[in-house]
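Geometric and topological summary
Spelled out from the first residue to the last, the chains are:
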Amino acid sequence: MSSEVTVVEPPTTAVEDAHPPAPTRRPWRRVPVVLAALVAAWAVPAATHALHGDWLLPPLVLLATASVLRGGRTLLDRLVLALALLLGAATAGGLLFAVWPWGMRPVPLTGLALTVVVLGAAGLRRRPRLPRPGRVDLFPVAGTAAMLTYLSAPWQRATDLADQLTILARGEDNWRHLALFDVVGRLGGYAFVDPAAAKDQILSQLLYYPQGWHLVTALLDGFLTPVGAAPRGPAAVDHYASWLMASFGLLVLVLLWAAHRIAGPVHPMHRIVLTVVVGALILGTQLPRLIVSGYPTEILGLALTVLLAALVGRPLANTREQVVLLAALLVAIGFTYYLFLPPAAVLVLCWVLGHRREALRRWPTVLAVGLLTAPLALVAPLLGVLRAKQTEALAVNGGIEARTEAWRALIWLGGIVGVALLVQVRRADPTWRRWLLVAAIGVALPLGIAQYNTTSGVEPGYYFIKSTHLATALLVVGAAAVVRLLPVPRPGRSPRGVATTVAGVVVMAIAVTLCGVTGWHPSLLIANERTWTQRWVHQDLHLPSKEAWVCAAAVQRYPDLPDTTTIVLDRGPYRGYVETLCVDALHGTTARTEPGVYNLDFLEPERTDQIVRRVSGPIRFITADPRAERRIQRLIRTDPLLRHRVSFVSLTVPECDVLPSEPPPVPGAPPATPAPPVPACPSTP
């Protein structure tokens, strides 16, 4: 009678660090070595900057930080943990960058970061070393690369500025995030640190908006292109789009990494199934809507919160390192997207209570880190609540389709994963009990907001939907419990191994089909027949949208005029509003145009009359429709005094002429010179 063989893998991200490495016998105490490392911490960035290789410095800092940490078992583990620590340090450091004289220049930032790493290694007596890549690292990395390549298809098809703006125009928030990304880069830090300097450069509504994502991306962007004092205009669009996609790629990587970490040591076949299932759930839920609608801050906030949850579900063995990483993630979440800060804080509290003995043994570290973390994590929430009154947005409506999809995620995904987690609770591994608690806390957030909305007499709205994105992400990671229900194959060729393979293929096929990835069946988690992924990847870029064409043409033909407010008028008030947002974001004039954009009637000609009355200085109207031009002419005829401060320029849409066919070549004649390209005709949705 043969006994069941337990599958044992090499050390992986999924294995809890039960046995931390013993300290080296030769502690790094030699002062000359430390002094040499401190000199190199500044000499290397200076030399790299002189050779125009600033883009090499962020990976260098990441590797240096990872070499000092000891959590995790594989290289990917260490890099993810180092990234979490650096994101927390960068978002907290943004309070300093805006007031010290160097802003976010590459050499001072890198020198400071490497100095801290050297001093930390010396204080902890750790020699820099990195673990080897593990076999398990391949699955999250390969899955992320494949999904990011697939989701980047629209940007690969974009050929000019109008195409890029067409993609961004699918989400109105993109214009505001683009403007804030540009302003934070020019200011060299958070806008709210110096409101007097920022109020003339950014929309007042964004002054106290959480700016963690904008600071991190602007900081990294400075290693690629030096940021000047003037708006970058169209050049910022490509950079913003790249960081938007990179942020979603980070979210995908964290979800896959967390799922494999939670799964524990499993068979490679199970890892393949888990990678496909998690990928299908990402593509078949509301998560891709984050890039469609332009929510970069929520993308990074989700990645940070899932990473924190993974460390709570399967903690590190080193209590001191665990405390520091959880604190760094709390700070980063607070500065980036503090809607997720309450559940993140509850998760950390659960870890402290569950590991109170370890925490008490390290009480000086826990107390010191807690006293430092609390005020830093609450900076952005307190500013948003007290100065910007952002709690009023809890009552904002979110749309019937989005609300339906939110409830589907909670019911369908929550039901399936919840049952699987309850089955896994019987295992000896406590991770499954912890993740059941993690998922329950994630689901409690949207249910609590829904109850608040219902009590207030409104339908669960915008932030209810946002909170379900966090619950969805945590449940996606919890899909590891479903995969663990598959049978474990025995070594060698056996019927059980064949059964496992067949079961894995069936599970992958069901997940891919029911999530709408193949297109054969609509996703159970999406209200529309087409998933958000399909709407994003297969969007038509044959002709740019009218709004994108007007914005691109206006920026290229009519540069910003100092002390003049530029407003775009089109056929409908909303179209003119969106086109003005786009032009102002590229001109860097969102603060100047605020009185003529927001809190106006969406009805013409009343809106145009209000703009003229509310804007006190010179106004330049860009008219993209003959009727809009006639409205301006009527205003000037009615009040001739407006001639001194109101002007307009016409921006007509080119006619869509059919290109004549090319004549046949004449034998012996030289090749004809190709005709210049005809501007694409904008489409009018």
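Procedures and definitions
Residues numbered from 1 in each chain as written. Predicted model: local features only at pLDDT ≥ 70, side-chain atom pairs only at ≥ 80, totals over all residues. Heavy atoms only, no water. Helix = DSSP H or I, 4+ residues; strand = E, 2+ residues; numbered from the N terminus. Areas by Shrake-Rupley, 256 points an atom, 1.4 Å probe, with all protein chains shown as cover. 1 Å grid on protein atoms, 1.4 Å probe; cavity = no way out; pocket = protein on both sides within 12 Å on 5 of 7 lines; lining within 4 Å. Points joined across faces, edges and corners; volume = space filled by probe spheres on them. Nonpolar A, V, L, I, M, F, W, Y, C, P; charged D, E, K, R; others polar. Patch = residues over 30% accessible without salt bridge, like charges linked within 9 Å, V, L, I, M, F, W, Y side chains within 5 Å. Salt bridge = Lys/Arg side-chain N within 4 Å of Asp/Glu carboxyl O. Lys, Arg positive; Asp, Glu negative; His and termini not counted. Charge placed at Lys NZ, Arg CZ, Asp CG, Glu CD. Buried < 20%, exposed > 50% of the residue type's maximum accessible area, 1.4 Å probe, protein only. Pairing = 2+ DSSP bridges. Axes fitted to C-alpha atoms, helices over the stretch in contact; angles between N-to-C directions. Contact = heavy atoms within 4.5 Å. Right-handed = clockwise from strand over helix to strand, strands pointing away. Core = buried A, V, L, I, M, F, W, Y, C linked by side-chain atoms within 4.5 Å. Parallel < 35°, antiparallel > 145°, perpendicular 65-115°, else oblique. Left-handed = near helix turned anticlockwise from the far one by under 90°. Polar contact = N/O pair within 3.5 Å; in protein donor to acceptor, adjacent residues only side chain to side chain. pLDDT = per-residue confidence, 0-100.

1. Observations concerning the overall build of the chain
Secondary structure summary: the chain contains 30 helices and three strands in total. As presented, the chain carries roughly 30,900 Å² of accessible surface, and 65% of it is formed by carbon and sulfur atoms.

2. Let's talk about empty space enclosed by the protein
Tallied over the full model, the rule gives four cavities of 30 Å³ or more. For the lining of the largest cavity, the secondary structure elements donating two or more residues are helix 8 (173-187), helix 27 (573-587) and helix 28 (590-593). Its residues assigned to classes, the lining of the largest cavity comprises eight nonpolar, two polar and two charged.

3. Digging into a positive patch on the surface
Taken together, the side chains of R320, R356, R357, R361 and R362 define a basic patch exposed on the protein surface. Broken down by element, the positive patch gets its largest block of residues, three residues, from helix 17 (residues 356-361). Tracing the sequence through the fold places R356 in helix 17. Relative accessible area serves as the criterion here: at 54%, R356 is assigned to the exposed category.

4. Observations regarding the sheet that holds strand 1 (residues 565-569)
The three strands lie next to each other as 1-2-3, forming an open sheet whose pairing is parallel. What marks the edges here is a single partner per strand, and that holds for strand 1 and strand 3 (646-650). Each neighbouring strand pair of the sheet contributes to a mean axis angle of 25°, computed without reference to strand direction. Direction of pairing for strand 1 relative to strand 2 (residues 619-623): parallel, over a ladder of five bridges. Within strand 2, the residue paired with V568 across the bridge is I622. Of the strands in this sheet, strand 1, strand 2 and strand 3 touch helix 30 (residues 626-638), which is tilted by about 155° from strand 3.

5. As for the pairing of strand 3
Examined bridge by bridge, strand 2 and strand 3 share five bridges and lie parallel to one another. Paired with F621 across the strands is F648, a residue of strand 3. The handedness of the strand 2 to strand 3 crossover, carried by helix 30, is right-handed.

6. So, the nonpolar core
L165, W175, L178, L308, W536 and F621 are the most contacted members of the largest nonpolar core, which has 190 residues in total. Per-element accounting of this core gives the leading share, 19 residues, to helix 11 (residues 235-263). Dropping the residues within four chain positions of it, W536 is found in contact with L151, P154, W155, I167, M245, I291 and V292. Among the nonpolar cores identified, the runner-up in size contains seven residues, and V61, A64, L114 and A121 belong to it.

7. A short note on the packing of helix 5 (residues 138-151) against helix 12 (residues 268-284)
Two numbers describe a pair of packed helices, the interaxial angle and the distance between the axes. It is at 10 Å that the axes of helix 5 and helix 12 come closest, and there the two elements cross at 30°. The orientation of helix 5 with respect to helix 12, classified from their angle, is roughly parallel. Here helix 5 runs over helix 12; the crossing is right-handed. Facing F139, G143, M147 and L151 of helix 5, the residues of helix 12 in contact are P268, R271, I272, T275, G279, I282 and L283.

8. Observations regarding the side chain of K546
With respect to the secondary-structure elements, K546 resides in helix 26 (residues 546-557). One polar contact links K546 to D570, side chain to side chain, over a distance of 3.1 Å.

9. A look at the confidence of the model for the chain
The pLDDT averaged across the chain works out to 87; a share of 89% of its residues lies at or above 70. When the elements of the chain are averaged for pLDDT, helix 24 (residues 495-514) gives the smallest value, 82, and helix 14 (residues 296-313) the largest, 97.

10. Let's talk about the packing of helix 7 (residues 161-168) against helix 11
At their nearest, the axes of helix 7 and helix 11 sit 11 Å apart, and the two run at 45° to each other. The orientation of helix 7 relative to helix 11 falls into the category oblique. Here the hand of the crossing between helix 7 and helix 11 comes out left-handed. When helix 7 is examined against helix 11, the residues L161, Q164, L165 and L168 are found in contact with a partner set consisting of V237, D238 and Y240. Tallied by class, the residues present in the contact of helix 7 with helix 11 amount to five nonpolar, one polar and one charged.

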